[in-house]
Amino acid sequence: MTVAAIVLSPADNVAVCCRTVEAGETIELAGRTLIIAERVALGHKIALMALSPGDKVVKYGMPIGSMTAPVQAGGWVHMHNMKSDYIAAHLRDAVGESA
Amino acid sequence: MIQGYLRADGRKGIRDAIVVVYLVECAHHVARRIVEAAGDPRVQLIGFPGCYPNDYALSMMKALTTHPNVGGVVLVSLGCESFNREALAANAAAAGRPVETVVIQQAGGTRPSIAAGVEAVRRVRDAADAGVRRVPMALSELVVGTICGGSDGTSGITANPAVGRVFDALVDAGATCIFEETGEMVGCEGHMAERAATPAVADALIASVEHAERYYRAMGYGSFAPGNAEGGLSSQEEKSAGAYAKSGSRPIDGVILPAEMPRGPGLYLLDVVPPGDPKFGFPNIVDNAEIGELMACGAHVTLFTTGRGSVVGSAIAPVIKICANPETYARMKGDMDVDAGRILVGEATIDGIAQEIVALIEAVAAGAQTCSEALGHQEFVLTYKASGPAGPACLAA
């Protein structure tokens, strides 16, 4: 059975999903029990703890951007609630705008 | 055992391509028909579309037409474009490559030019075959490039770290390894600098990434595609951290520019971002532009990691496709040489996949076809770029 998600570095506040996880699923991760808030796909990130706007998102032990909206533990962390500290990323719909 | 193709200039290749080169889009159709008429996967099409001259394109073509995997060259010119076909032909001839040029306006148009090109290919191939020798080639004589394309949240935790271990093993064996895309090192510059072989290289690494960030910021986009986001990556620096894992852990010996050969074995960063303010557009419009630059730096083979699933190969040098994502592999396995997603589902380790890739590099160097080769992929793209040293520190020895 594939583990649901992995934490890449002890300093991280997000985990990476090794498979799609479903809303309401309970997973044990890095000594925590997380209740998955919403469906999160393989390769995407879930918050290990509640994060607030301005908080650094830490993965691989390094900051990969800052929160722009709050997320609860077990919630999906992606471009709807975080942003790059360097160059804005873009989605297909948002081509031509800065995200 | 790898049996390399020994060229007249002393370099050793792992393939024996004959390249048909269009020197302007106006000659593309004729060149393509010449390649089709040959009906031989060794005879491959590359070219440059623009009519205006460009030093970068000339230096790239000089490097590619004398690549160790290339045995002979046929140039196809319309006749009135700016590309310096005489300089390109002379450069290839000086490196001992049989070379012929077809000029469409002199040959009398499309049909006579195709006929002349078909004959030129036959003569060049015969001359190349008569001149080449097969000789033993060690792993340490290989130049290996790496690139990621269609990255997602799995790339940085399976395929890329596995390639990093491959690079460590190859560097330890005395081979030459090149990683690239300074725009995908944004956020990793500090860590890279700590791995620099000398303080000058550390300065060059930091300067190249700072320049890349300025350049991409001015262009309005980072090196980040919508599919990266769909695959779970949320920021440039998150993508960078995953991409950077391909470089492994050994000291970084230098920063090189497109079409510049590494000075010796070891690990090099290819700075793909042109010097100065943005000019001519994005540094590289698509993955094959980067594969072309790795080849122009001498790469015999390219390790291509993908999460979302790329299908491309390349003219001239084989591409080994390493799939990071087990779901993508299940969908696209006919295009994938290595299933690194097994790491994610606990069926393989990073070191195990790395050993598999090293064995595959040896097999491919010895002649085994990659998936993209077997499928006939021979993509190539070359566009305008500014050239010149990227900064006073960037050519540090």
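Please read these numbers as outputs of a predicted model, since none were measured by experiment. Every residue gets a number counted from 1 within its own chain, in the order that chain's sequence is written. In the order they appear in the text, chains get letters beginning with A and ligands get numbers beginning with 1. The predicted origin of the model limits local features to residues at a pLDDT of at least 70 and limits the giving and counting of side-chain atom pairs to 80 or more, whereas totals for whole chains, interfaces and linings rest on all residues.

(A) Local environment of unusual backbone geometry. Backbone geometry places Y60(A), a non-glycine residue, at a positive phi of 60 degrees. The backbone of E181(B) shows a phi angle near 70 degrees, a positive value even though the residue is not glycine. Note on burial: count the other C-beta atoms lying within 10 Å of the residue's C-beta; 20 or more is buried, 12 or fewer is exposed, in between is partly exposed, and C-beta positions come from the backbone. Residue classification places E181(B) among the buried residues on the basis of 27 C-beta atoms within 10 Å.

(B) Molecular detail of the packing of helix 2 (residues 55–65) of chain B against helix 3 (residues 85–94) of chain B. Residue and element names in this part refer to chain B. At their nearest, the axes of helix 2 and helix 3 sit 9 Å apart, and the two run at 30 degrees to each other. The angle between helix 2 and helix 3 places the two elements in the roughly parallel class. In this structure, helix 2 meets helix 3 at a crossing whose hand is right-handed. The segment helix 2 lies against helix 3, with L58, M61, K62 and T65 engaging A87, L88, N91 and A92. In this description, a line fitted to the C-alpha atoms serves as the axis of each element, helices being fitted only across the stretch in contact, and the angle between N-to-C directions of two axes falls anywhere from 0 to 180 degrees. Each helix corresponds to a stretch of at least 4 residues labelled H or I by DSSP, and each strand to a stretch of at least 2 residues labelled E; elements are numbered beginning at the N terminus. Any angle from 65 to 115 degrees is called roughly perpendicular, while one under 35 is roughly parallel, one over 145 is roughly antiparallel, and all others are oblique. When the near helix sits turned anticlockwise from the far one by under a right angle, the crossing is termed left-handed; a clockwise turn instead gives a right-handed crossing. Each residue gets a C-beta atom placed from its backbone, and two residues are in contact if those atoms lie within 7 Å.

(C) The confidence of the model for chain A, seen in detail. What pLDDT reports is the predictor's confidence in each residue, on a scale of 0 through 100. Of all residues in chain A, 92% have pLDDT values of 70 or greater, and the mean over the chain is 89. Across residues 95–99 of chain A, where pLDDT falls below 50, the model places 8 contacts with residues more than four positions away in sequence or in other chains.

(D) Up close: the UniProt feature "domain: D-galactarate/Altronate dehydratase second" (unreviewed entry) in chain B. UniProt positions are given in the numbering used here, feature names are shortened, and annotations may be inferred rather than shown by experiment. As recorded in UniProt, the feature "domain: D-galactarate/Altronate dehydratase second" (unreviewed entry) lies at residues 4–128 of chain B. In residues 4–128 of chain B, helix accounts for 44% and strand for 23%; the two terminal C-alpha atoms are 14 Å from one another.

(E) Structural view of the interface of chain B and chain A. Opposite the 28 residues of chain B that make contact, chain A presents 27 residues. Listed by contribution, the elements that provide at least two residues to the side of chain B that touches chain A are helix 8 (199–219), helix 9 (226–230) and helix 10 (236–244) of chain B. Looking at the side of chain B that touches chain A, the element that brings in the most residues is helix 10 of chain B, giving 4 residues. Gly is placed with the polar residues, together with every amino acid not listed as nonpolar (Ala, Val, Leu, Ile, Met, Phe, Trp, Tyr, Cys and Pro) or charged (Asp, Glu, Lys and Arg). Residues of the side of chain B that touches chain A, tallied by class, amount to 10 nonpolar, 12 polar and 6 charged.

(F) Geometry of the UniProt feature "domain: D-galactarate/Altronate dehydratase C-terminal" (unreviewed entry) in chain B. Following the UniProt record, the feature "domain: D-galactarate/Altronate dehydratase C-terminal" (unreviewed entry) maps to residues 139–385 of chain B here. Helix makes up 37% of residues 139–385 of chain B and strand 13%. Its end C-alpha atoms lie 33 Å apart.

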